[in-house]
Structures are given as structure tokens and as C-alpha cells.
Amino acid sequence: MKPVKLIALLALLVLSSLNHASESPPLALMPYPAQVEIKQGDFVLADAITVSFWGVSESRQQLMMSQLQSLSDKVTQVESAKSAKVIIKVTNSSNSIVPELNQDEAYQLDIGHNRIQLSAPTELGALHGVQTLLQLVDWDNHRIAQVTISDQPRFPWRGLLIDSVRHFIPLEDIKRQLRGMASAKLNVLHWHLTDDQGWRFESKAYPKLQQLASDGQFYTRQQIRELVNYAALLGIRVVPELDVPGHASAIAVAYPQLISLPGPYRMERHWGVFEPLLAPSNPQVYVFVDKLVEELASLFPDPYLHIGGDEIYPLQWQQSDKIQAYMRQHNLADTQQLHTYFNQQVQQILQRHGKKMMGWDEIFDQDLPNDILIQSWRGLESISQFARQGYQGILSTGFYIDQPQPTDYHYRNDPLPQQQIIPPHFSAQTRWQQWQFSMPRLKGSAVKGIMTLIANPDQTAQIFISLNNQPVRPVSGLRQQDGMYHFALDSWMGPMQFDLDLQNPKQLSGRIMLGNSPYPVAGKLLTKGQGANSAPQLEFAQPMNAQQAKNILGGEAALWAEILTADNLDLRIWPRLYAIAERLWSPASLTDPRQMYQRLQQIEYYANKVVGLLPQQQQRAGLQKLVGNADIQPLLVFSQALEPAQYYTRHHIKFTQDLYHQQADLNQFVDFLPVESLTLVKLKQAIQDYARGDKTVLDRIEQQLTAWQHNLPKVKALIASHQSLQGLAPIATKLATTIKTGHQLVAQCRSGQKLSTQAYQQTRQQLWQLTEVEQEMVVAAAIMVEQLMVACNG
């Protein structure tokens, strides 16, 4: 694809709305390389570019040539390296293009004044080097900075799970994500193909699966081979997921005789965890699994096959007389042991077909061999437990991108945490309190926690939190202001911002922000005291040693499809997946969120114009459908101040409205909002700069508020004239109030006068009301205005 000198107006608005004074990173690369040396001068892109290959297979030569076509109007291949401008050399040639785990993916890239040389031990490294080369191009000036790069990944497993079950994703849309993955140096596509709501691959052995349980939407064997070969060419492994023994409602529709209790069964349209389970006591179940594994083994060359194994709701096993007798026969004390016994049989089936077992946390049991691979959705402590016992694992907790989450939250999430937790020191003068609290959710049980507040003799304070009986962790950003304690904690649910009133000794109150979504919190004082003798015992996570840490192979972003379709697929994944890819590829020391966001905004142009990803196009197309031929520019500016409700808030709202199912429409304004407003990221950074003493940014903050203010009449006119936008009216009103409050606070900041305690608390309460979720959205600009208030009155 030939890049053009055109940046979408939305990107211009995002990038130009606010600038801060911090120094930009030297190169707009993601993931950032391990070692970079920047030299003087540029390599100037000529009208014609010649390319020479050495040790590269024919198929990969064709792929790299197609990728390099964007460099010039005429890119041609030549035999002789002497006459080539670009030389690509692979030292260890292979007869197979099928990628494997732990292959060498390193590369060296040297860009000089007249020549570019890329060398790598394997073709995988060469593929990564080409992506880095393309990211380095200054497309406006047709130049590439002269650099020397030596690069290799931190983790060997860097994946993306795509759920094609809950909403079917056409093959071409998945191929586009594969191209995006290759550009981000991700190397595993985890393809979720079976679940309660559908069966998505063609089975010759059990054809009723696709005939009765797919609604006609499934991948043929030819299509699967096509995708697997395409991914392999790009250097990406494909791991299929066959979910057993649970998530089996689709199997129950097609073959009810394999299920633990007799039917009849019908297609499951709702989202959640359901009862049908394969019957471990039925010998035909193992024949069924064997034949399906045989089919999958013929289609997917990767040695790993994912069996799911999660969320086993054991009611059917408990109610079946046959299964209870089977458990007694095999001395299985409970359904957990029955699940392990079933997995042992499945593991032996996989082994016979040359496959290794992969599954979610629930498959872990020391009776299984330690060559299984465990994918953790339960968190760092869970995966650390496996690693300490000699089992390999990958992390998905914190990388669930079906949830709208801030990109910097994903960026902080590391499969191998770098920060060592220092337990508190209790002296005779140390005072402490322990509080119990609860945060109710719209769906599921409340999140419960224990908070330990420690007042040290040096007048400093510390807070440690345990959520749902997990190990204790320290909070960050602790401050006391307006009679409340404010602090942050990352959890499996996302980033949590606590705003707690502890003034009443019998009752804790306040709120917790899960990302941008407010949740009420309440609790009570459990105990308090002073001194080391009576101090509470805090249970911290056990650290891994260096050998155990090697069992952590990497991580996988997970994209479940309850509330997404192919129409907003790219909008949900990109550009934030580049940040997750960087966490899995780049050195652990690379942690600066501000530099990450700078590069993320720059990489968005590359992803769109060179890679061909469609986040902006999908947003525009979705908004255009809502207003017909009307101009969507006011909606695009309006969307800068808004975000989808984060965590699983949208899912839970739909559940309460009986819209949490496969037939629910996903064509509302919120469905075409970016996961995170990069304009608000810039606004947040400007407020941080003000808090550090830079008063000049107040002008830029005011300019942004004014831009939204001038845009509101156009938005209100669109809302009034289009039924599809009627629900946005109260949100527009909220934004108007937010803007007015923001202007007042800018004026207060300039005056140098602090708000009175009463005015501060009234303004805070108003802003809290403005951030309440409405239409599954949040006026996230109000969160930034609250941060401005804090900065002006600290």
C-alpha cells in the first residue's frame, strides 16, 4: 500500500489539541528495540529501491517484497548484493516456514547513508526487522534515520486470542489482524473456535456440530488451512481452542448423548456460564474428543492445542447417577478430582496425536505432566504458583482487551513483576487500622477487601490492600485531601482509584473508580492498635526465583466477542495492542507511560496507512450509519471527551437490561467510541505538567475546553434531528456542565486562590455526578477536570 500525505482530521485533532514540554523519545517505534544507536544523517528514499536476499525462502522473499513496496514508486529485486540498496540476509535457512516456539527471533538492522543491511539468524528475525524498517520511515520527507539496531524479544510467547464464536469474524478480518500482529511482532494467534454459543470449524467426523450449532457461520477446512498458512508466512503460530468439558452447550445441541444429563437442548444465545458438561463416564466422549483432536491436528501444525477447561459448573456431574457411580468406581472424591481425571484422559489423547495440552488456570493439577501450558485469567499469583511448581504459563490477566481499559494499565502489567514488595516495619510507635470494605457490582458477587492503614512514626502513611482474599499489595499515589484518603491499585479488574472517607470510625464510605467507571464502596473498622506486638499479619505473594521465572513464557491479549463484531474489531484492538506487544517484546526497563503514549499516537498513522488497520475508518463508518449523509465531524470532536464505561461495566449494564445476548444490537454510538480518548490522555498530561509547576499549559487546557464548547451546538443539532442519537442528549448536557466547571477551575488556577473547603467539596460532588455512567458511556472529561481541581488546590 502506497502511503499518502494525508492524516485523518480526527488524528490531527488528537495530536494537536495539547502538547507538553517533555522530551520526545528518539524514535517512533513500537515495540521499542532492545538496543538502538542513532547516527548522524539519513538514508534518502529514491524513486527506485533495489533489494537483494540471501538465505531467504522464495515465499518469504515475495512477502517481504510486497511489504517493502511502500518505500518507493519502484521497488525491484536484484540478485547481486553489490547493486542493492537493501540487503536482507538470513544465516540459518530452514526448509519449513511453520514457526515454532523458542525459535531465534533476533535481528540486526544497520541503516547507513547509501545502504540498508538487515541480518538475522532466522527468517522470523528478518520479518521483524522489516517491520522495524518500515516504522522508521519518515513518510512526509521520504527519509529514514541512520541507525544501528540490535533487537530480540524478551518473551517467546506473545499472543492475541480472537473469539470467533460469540460473534463470527470473517476470515479476511482475521487476516487483517494477523498483519497488524506481525507489525507489532506478536507471534501467536489463539483461535477460540468452540463455546456455548456456537461451533465454528467444520468437522467431518461429527458434521452435526456445524450443521446444527453454527447458524451456518463456520470455517471450512480449506479456510482454516488458508489462514494457518497465511499466519505462518507472517511468522505467526496458530493455536486452536477446543473447549472441553465445559462451555459445551453447542455440543449439547448437536450430540446430546455426550452430555451429562439428557436434553433436549437448544442453542444458547445468552452470555455467561451454563450447565451442559461432557459426561466423563461415557466412553463415547473420549472417542469424540479423539476424533476432533485428530481433525484439528491435520489442520493446525502447532504442537499446542488449547482445551479450555475453565468455568466448570459441576451441577450436572453432581446430579447424574451414572457419573456419581463412575466417581466412586475411580475413587474420585469430588468434581475437582473428576475434572482432573477427565483432563488426564484428554492429555493422553493429545499426546497420541503429537499435541501438548494447553488450558486455562482450572486445568492445573500436579497429577498432570509438567509439559502442559497454563494460560492464566486469574492473575499473577495464580501463574506464579504454577511456575513455582515447575509448570509453564502465560499471562492474560490485565491483557483482556474486550474490556475497555487505559493503555497504560496494560503497559504496567508485566508477566514478571519488576517491583519488589517491601513489607511494612512495625515499631512500638507505629499506629495501624484495619478496615473491611465491599464494592457491589451490577452482575456477580461484590468485591470484598481488607485495607490496612499504617501511620509511621515519621508521619508518613502506608496502605496495603487484599482483594477477595488474594495476597496483600501496597497502593500507590497515596494522598490525604479534603478529609479523604486517595490512592490507586491495579487489579485484575483494571486500574482502581480509591476515594475513601474514614472520618467515621464505624463506617467507611466513598467510591472506587474502575478505570473511568465509578462504583460505590462501603465498609467498617475491624480493629486498630499501636506497636509491633499486636500488629496484623499481612500475607504477601511469594516471589519466584530466577529458575522459576523461566517458566513464564510470556502473555496473550484476549479479545472476547460478547459486545463486538467485525464492524468494530479494529477499533477495539488497535492501537493499544502495540503497547501490550511492547510489554512482551521490549526490555522490562521500558516503563515510561508518557513516552509510550507519544509513540502510540505516532504509530497509529503507520498502522493505518502502511499496515492497513482500520480503527479510525470503523469509527467513521459506524458514526456515519447513525446520521445518514450528515457531517460526522461534530460527533468525532464530541467523542474526544467521552469513553465507553471501562471494566465489564457495559457487559453488566446489558445484563441488567436483558440485552446480554447474541441478538442484541451493537450499533449504538458507544459501539463506535475508541476504547480510550487519546485527546484526554494529552489533557491529563497537561494537568500533570501544571501540578509540577508549568502554568503555561493552562492556556492549552482552556483551548481544549473551548473547542468542545464551540462544538456542542453542532452536536445538539445532530441529536435533535436523528432518532439514533436521542440518548446522547443528557450526555451533551453533562459535557456542557463539565466544560463550564473546567473554565471556572482554570480561572481559579490562574488566580492562585484555593477553593474553600465547602466549595471544593461541592465541586467534587458535582464532578462525581457528572462521571456517573450513562448510555454505557462516561463523560471522561469530567475526570480530567477533577484532576485539575486537585492540582489547583493541593
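It should be noted that the structure appears before, not after, this text.
Residues numbered from 1 in each chain as written. Predicted model: local features only at pLDDT ≥ 70, side-chain atom pairs only at ≥ 80, totals over all residues. Heavy atoms only, no water.

Visitor: Would you explain the packing of helix α21 (residues 678-691) against helix α25 (residues 781-792) in this entry?
Guide: Relative orientation and spacing of two packed helices are given, respectively, by the angle between their axes and the distance between those axes. Two elements in contact, α21 and α25, have axes whose closest approach is 9 Å; the angle formed by their N-to-C orientations is 5°. Judged by the angle between their axes, α21 and α25 are roughly parallel. In contact with L680, L683, K684, I687, Y690 and A691 of α21, α25 contributes A781, M784, Q787, L788, A791 and C792. Taken together, the residues of the contact of α21 with α25 break down into 10 nonpolar, one polar and one charged. (Axes fitted to C-alpha atoms, helices over the stretch in contact; angles between N-to-C directions. Helix = DSSP H or I, 4+ residues; strand = E, 2+ residues; numbered from the N terminus. Parallel < 35°, antiparallel > 145°, perpendicular 65-115°, else oblique. Contact = heavy atoms within 4.5 Å. Nonpolar A, V, L, I, M, F, W, Y, C, P; charged D, E, K, R; others polar.)

Visitor: Looking at this structure, I do not really get the sheet that holds strand β14 (residues 304-308). What am I missing?
Guide: Whenever strands of a sheet pair, they do so through backbone hydrogen bonds, lying parallel or antiparallel. The parallel closed barrel is built from eight strands, whose spatial order is β9-β10-β13-β14-β15-β16-β17-β27. Recorded for the sheet is a direction-independent mean angle of 30° between the axes of neighbouring strands. As judged from the three bridges shared by strand β15 (residues 356-360) and strand β16 (residues 373-376), these two strands associate in the parallel manner. The residue bridging W360 from the neighbouring strand is Q375, located in β16. Contacts between helix α11 (residues 335-352) and the sheet are confined to β13 (237-244), β14 and β15, with β15 contributing the most and set at about 140° to the helix. Contacts from helix α12 (residues 380-388) reach β16, β17 (392-395) and β27 (552-559), with the element oriented near 165° to β17. (Pairing = 2+ DSSP bridges.)

Visitor: Sorry if this is basic, but what is going on with the pattern of salt bridges here?
Guide: Where side chains of opposite charge bring their charged atoms close, a pairing between them can arise. By the definition in use, this model includes 32 salt bridges. For the salt bridge of E381 with R388, the shortest nitrogen-to-oxygen distance reads 3.1 Å. In this structure E381 comes out as partly exposed when scored by relative accessible area, which is 29%. Across the pair D482 and R764 runs a salt bridge, and its minimum N-O distance is 1.9 Å. Taken together, the positions of D482 in the loop between β22 (476-481) and β23 (484-491) and R764 in helix α24 (residues 757-770) put the pair 282 residues apart, joining distant regions of the chain. Side by side, D482 and R764 carry an identical accessibility label, which is buried. (Salt bridge = Lys/Arg side-chain N within 4 Å of Asp/Glu carboxyl O. Buried < 20%, exposed > 50% of the residue type's maximum accessible area, 1.4 Å probe, protein only.)

Visitor: Which parts of the structure should I look at to understand the sheet that holds β23?
Guide: Sheet architecture is open: nine strands sit in the order β21-β20-β19-β18-β26-β25-β24-β23-β22, paired in antiparallel fashion. Looking at which strands have only one partner, the edges of the open sheet turn out to be β21 (473-474) and β22.

Visitor: Is there a simple way to explain α25 in this structure?
Guide: Along an α-helix, a turn takes 3.6 residues, which lines up residues three or four apart on a common side. Between its first and last C-alpha atoms α25 spans 17 Å; for 12 residues at 1.5 Å apiece the expected length is 16 Å, and the two agree. Counting buried residues along α25, 10 of its 12 residues qualify, which places the element largely inside the surrounding structure. What α25 keeps buried is the set A781, A782, I783, M784, V785, E786, L788, M789, V790 and C792. (Expected span 1.5 Å × (residues − 1).)

Visitor: Which parts of the structure should I look at to understand the packing of aromatic side chains?
Guide: Centre-to-centre distance and the angle between the planes together describe a pair of aromatic rings. Per the counting criterion, the structure on display carries 21 aromatic pairs. Pairing F364 with F386 gives two aromatic rings, centres 4.7 Å apart and planes at 40°, and the pair type is tilted. Placement of the pair is F364 in the loop between β15 and β16 and F386 in helix α12, with a sequence separation of 22 residues. Through a chain of ring-to-ring contacts, three or more aromatic side chains come together here, namely F168, W191, Y219 and F300. Directly above the ring of W157 sits R237, whose terminal nitrogen or CZ lies 4.3 Å from the centroid. R764 extends its terminal NZ or CZ atom over the ring of W768, reaching a point 5.3 Å from the ring centre. (Phe/Tyr/Trp six-rings, centres within 6.5 Å; stacked < 30°, edge-to-face > 60°. Lys NZ or Arg CZ within 6 Å of the ring centre and 35° of its normal.)

Visitor: Honestly, the pairing of β15 in this entry has me stumped. Any pointers?
Guide: Put simply, side chains in a regular strand alternate between the two faces of the sheet. In terms of residue burial, β15 counts as a mostly covered element, since four of its five residues are buried. One ladder, built from three bridges, connects β14 with β15; its direction is parallel. Within β15, the position partnered with L305 by the bridge is M357.

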